[in-house]
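Coordinate analysis (summary)
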Amino acid sequence: MAESFKDKVAIIGMGCSKFGENWDMGSEDMVVDATYDALADAGIEMKDIDAAWVGTIGFHGTGTGMTSTGITGAAISMPLKLQYKPVTHVENGCATGTDALRNAAFAVAAKVYDIVLVVGVEKLKDTGFGGLGELAIPPHPVFEGGITAPGMYALAATRYFKKYGLTPEEGKRMLAKVSVKSHYNASRNPRAHLRNVITEEQVINAPVIAWPLGLFDCCGVTDGAAAAILCRAEDAKKFKDNYVLIKGLGLSIGPGQGSIRTDYDFTIWDETVYASKEAYAMAGIKNPRKEIDLVECHDCFSISEVIAVESLGLCERGKARADIESGAWTQEGEIPVNLSGGLKAFGHPIGASGCREAFEIYQQLLGRAEDKTRRLKNPRMGLVHNQAGLPGKFMCAVAIYGLP
Amino acid sequence: MAVGMISYGAYVPMYRMNLQTLARNWGSPAGKGEKAVANWDEDSLTMATESSVDCLNGLDRSMIDGLYFATTTPAYREKQNASIIAKVIDLRRDITTADFANSVRGGTNALKAAIDAVKAGSAKRFLVTAADCRVPAPDSQFERLFGDGSAAFLIGDSDLAVEIEGSVSISSEFMDIWKREEDRYVQAWEERFIVTKGYLAHLEEIISMIFKKYKVTPKDFTKVVFYAFDQRRHLEIAKKLGFDPATQLQDSLLSTVGHTGSAQAMMMLVAALEEAKPGDRILFVNYGDGADAFILKVCDPIEKIRDRRGIKKNLASRMELPSYGKYLHFRNILDWGRQREPERFGALTMSWRDRNWLLSCHGHKCRQCGTIQFPMQRVCTWCQAKDDFDEIRLSDKKGTLFTYSMDNLATSVDKPTVIAIVNIAGGGRFSTVLTDRDTEKINPDMPVEFTFRRVHEAQGIHNYFWKCRPVRA
């Protein structure tokens, strides 16, 4: 019979490459940088790794949008020169990073391996065009083709405004506050991609990408990699004193029926509800808003953060506006969200994001965030929300990390 | 046995370009009026589906035994277009379909063939549709003249709204306007020659033929519907043959729709029938590579098909094309400097596998829980029953716009792409794009309807699919 996974696996080292438009780095360079960072942090060498998991969608900007083009474990074995070690490639869209970590953790807990490496990586800026282009999930000649991620997320914004009685102006102002916070947080994070401080007026007056979302409602297009070293909790102390434990994991892959069923209203992420329920149950969390100290959520767009926080049960449905206006999601607030700058401003290299979000929680829990002013006071538990797909057809991974 | 028209339908695209827009662009004298311009996602094939659907409003499509499609601008040069239209409008499989291409007279060629088929007893009901979307050379007389549109008639031997009392035809080698395989635009010989020896001479000849054969005179007709070369010659020929242009001559549509090629005379006839009363007699004459003439008698059942959009309602529902640049873009006349972008995806095999929902707009209705879903599924989205569905056509349902966004990042000749989630009346949801829309006038919960469009080109294929548009009044 399945038993609780809580506190079985430890993260003993993490690393993160430079995030940004890394014109001078290929995915191989970023894999090397993030992995060697993580090894140094764990105090181990490459030869100590028993097995590895790589999370990447292998983005090439092909006509079908986000499709993998025959990516394998060699994506990290070759640059790292892993000497014939087992490497598994995991892909679950933008939820890839957390799912790679999840599968690696299962292998460690099953005592198949003692020490494993997880690398999430994406190189987005080799396509020759801005944005991520158009997508159809799954690829189809015409059905739901010729549209983009901001276009699809904007559907949620339109209906959210309508459902909760916000005029487009009020709705856009609410969303602007989210982006202003993300940029402010990133401005104090030396590792973030977009570190400029912005104003609400700038957000509201920015060019429209997909009405009602403007330029500053959308995350940047970023290259990056993040890596983690895992071992069983009981072995962690052999390596170091300060480490983080996996408290809960949840994964929900939606059947994609939001664009088929008329009862889906685009103002809630059902997959997030399911994935977080699984993770909360595993972690023994009853009141997430009280028990969780910080959240890194999937804010590819400003509206994504709003609905993610509500779907995670961290805020009552339809009440995000009040939270945003009271500053509940800021560093000083009740439940800080995306202290790193989030996908919005730290960056969103697709396959890397889940690991990068874990990196922020790890740094915060260990009190190591580079800029001291952005360190939370004694956080015990953080949540990663890592989501792929589009409203109505998501894949969502939730991970809860905490101190021993 | 009386043979005639059971129903009619027409289509005029939403966009109109004022001739002053052309004049401003080229610095030439402004003509009067405007022309209908197909949206960027329309072509002769999609417009033919529109007029056909209008024509078949309220009628049982399973009773139709054939479809002829006339056009000089087929979407495919090799590959029958009529068979695609038949699939889109959801006709039976055991029917006859054919394209009548290459002549602006193709519409009446097809009409005559359909009439003959019904007379011969090989078909009971035959749909004939004509559509053209001719791209004229920039800054040419044809650019001021050509417009886009379509008409359709259902031919049969019962419930006739219009009885065809007689007809004559001429075939002529006469060359006036032509386009070779390698030509991008139509060419023409000197106008005085082609009007004098072509248009005027052939109309005189065919009309005197039909007068002689059926012993009729201009006084026997309530209305005359003549193919129009241009407005001046249209009036000239009517006068010359003894008709009163003020009371008898059906408007050419040249100043409202433009010259729609093989659809022109057919569309004029639809406009005439919209105003006709039972007992009226109409002389219907088409021209091109010869001529056709028909004597039509309007019958009582015409009162039963007054709800067609036809010409009048389509004309009333309009949007102004804002600039000549937009028009060039719509017709893909120039190479456009846009940012590098990946190729569009296409796979003929996928489109073929999905043809029942892609073309015929079929959804699935679950036999277990009764809910409707689009596209067709193997496992029910609601109750998870497997392979237990009935196929139902959704394209004739209305819908409500549940939510939308306006995507500027997606590549389109007409940004923004209006992404739309539509709840279909009676059940089902359609994740689609809004076309023929005014971006200032879109709101959640507005009523929309289905329209068949050319979505994009990929792998050398026109990729067609359904979209939605705000309901055209």
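These numbers come from a predicted model, not from an experiment. (Residues numbered from 1 in each chain as written. Chains lettered and ligands numbered in written order. Predicted model: local features only at pLDDT ≥ 70, side-chain atom pairs only at ≥ 80, totals over all residues. Heavy atoms only, no water.)

On to the sheet that holds strand β11 (residues 393–402) of chain A, then. Strand pairing in a sheet takes place through backbone hydrogen bonds and is either antiparallel or parallel in direction. All names here are of chain A. In spatial order, the strands read β3-β2-β4-β7-β1-β8-β11-β10-β9; together these nine strands make up an open sheet with mixed pairing. Every other strand in the sheet has two partners, leaving β3 (87–90) and β9 (294–296) as the edge strands with one partner each. The mean angle between the axes of side-by-side strands here comes to 25°, regardless of whether they run parallel or antiparallel. Two strands pair when backbone bridges link them, and strand β10 (residues 381–390) and β11 are joined in this way by ten bridges, in the antiparallel orientation. Each bridged residue has a counterpart across the sheet, and for Gly 389 the counterpart in β11 is Phe 394. (Pairing = 2+ DSSP bridges. Helix = DSSP H or I, 4+ residues; strand = E, 2+ residues; numbered from the N terminus. Axes fitted to C-alpha atoms, helices over the stretch in contact; angles between N-to-C directions.)

Residues and elements named next belong to chain B. Per the domain assignment, the segments making up chain B are domain 1 (4–330) and domain 2 (348–470). If you average the C-alpha positions of domain 1 and of domain 2, the two centres end up 30 Å apart. The partner domain 2 presents 27 residues to the 23 residues of domain 1 that form the contact. Interface of domain 1 and domain 2: buried area, both sides summed, is about 2,300 Å²; carbon and sulfur atoms make up 45% of it. Linking domain 1 with domain 2 are ten salt bridges. For the side of domain 1 that touches domain 2, the secondary-structure elements that each account for two or more residues are α2 (44–55), α3 (82–88) and α10 (324–330). Top element by residues in the side of domain 1 that touches domain 2 is α2. It accounts for four residues. (Domains from an automatic or database assignment. Contact = heavy atoms within 4.5 Å. Buried area = accessible area lost by both parts, 1.4 Å probe. Salt bridge = Lys/Arg side-chain N within 4 Å of Asp/Glu carboxyl O.)

All names here are of chain B. Taken as a whole and judged by the stated rule, the model has 65 salt bridges over all chains. In this structure, the salt-bridge partner of Asp 43 is Arg 454, at a minimum N-O distance of 2.7 Å. Taken together, the positions of Asp 43 in the loop between β3 (34–37) and α2 and Arg 454 in strand β21 (residues 447–458) put the pair 411 residues apart, joining distant regions of the chain. With its nearest N and O atoms 3.6 Å apart, the salt bridge here joins Arg 180 to Glu 182. The class for Glu 182 is exposed, based on a relative accessible area of 59%. Overlapping salt bridges bring together Asp 41, Glu 42, Glu 50, Arg 309, Lys 398, Asp 436, Glu 449, Arg 453, Lys 467 and Arg 469 as one network. (Buried < 20%, exposed > 50% of the residue type's maximum accessible area, 1.4 Å probe, protein only.)

The next thing to look at is the environment of Val 295 of chain A. Residue and element names in this part refer to chain A. Relative to the assigned elements, Val 295 resides in strand β9. On the basis of relative accessibility, which here comes to 0%, the residue Val 295 falls in the buried class. Sequence-wise, Val 295 and Ala 110 are 185 residues apart; in three dimensions their C-alpha atoms are separated by 28 Å. Setting aside residues up to four positions removed in sequence, Val 295 forms contacts with Leu 312, Leu 314, Ile 335, Pro 336, Val 337, Asn 338 and Leu 383.

Take the domain arrangement of chain A next. Accessible area lost upon the coming together of the parts serves often as the stated size of an interface. Residue and element names in this part refer to chain A. Domain boundaries in chain A define domain 1 (9–130 + 223–239) and domain 2 (149–217 + 246–402). With centres defined by C-alpha atoms, the gap from domain 1 to domain 2 works out at 23 Å. With 39 residues of domain 1 in contact, the opposing surface of domain 2 contributes 29 residues. Counting each side, the surface lost to burial between domain 1 and domain 2 is near 2,600 Å², with a carbon and sulfur contribution of 71%. Looking at the side of domain 1 that touches domain 2, the elements that each hand over two or more residues are β1 (9–16), α1 (27–42), α3 (96–109), β4 (116–122) and β7 (224–232). In terms of residues, the side of domain 1 that touches domain 2 owes the most to one element, α3, which gives eight residues. When its residues are assigned to classes, the side of domain 1 that touches domain 2 shows 20 nonpolar, twelve polar and seven charged. (Nonpolar A, V, L, I, M, F, W, Y, C, P; charged D, E, K, R; others polar.)

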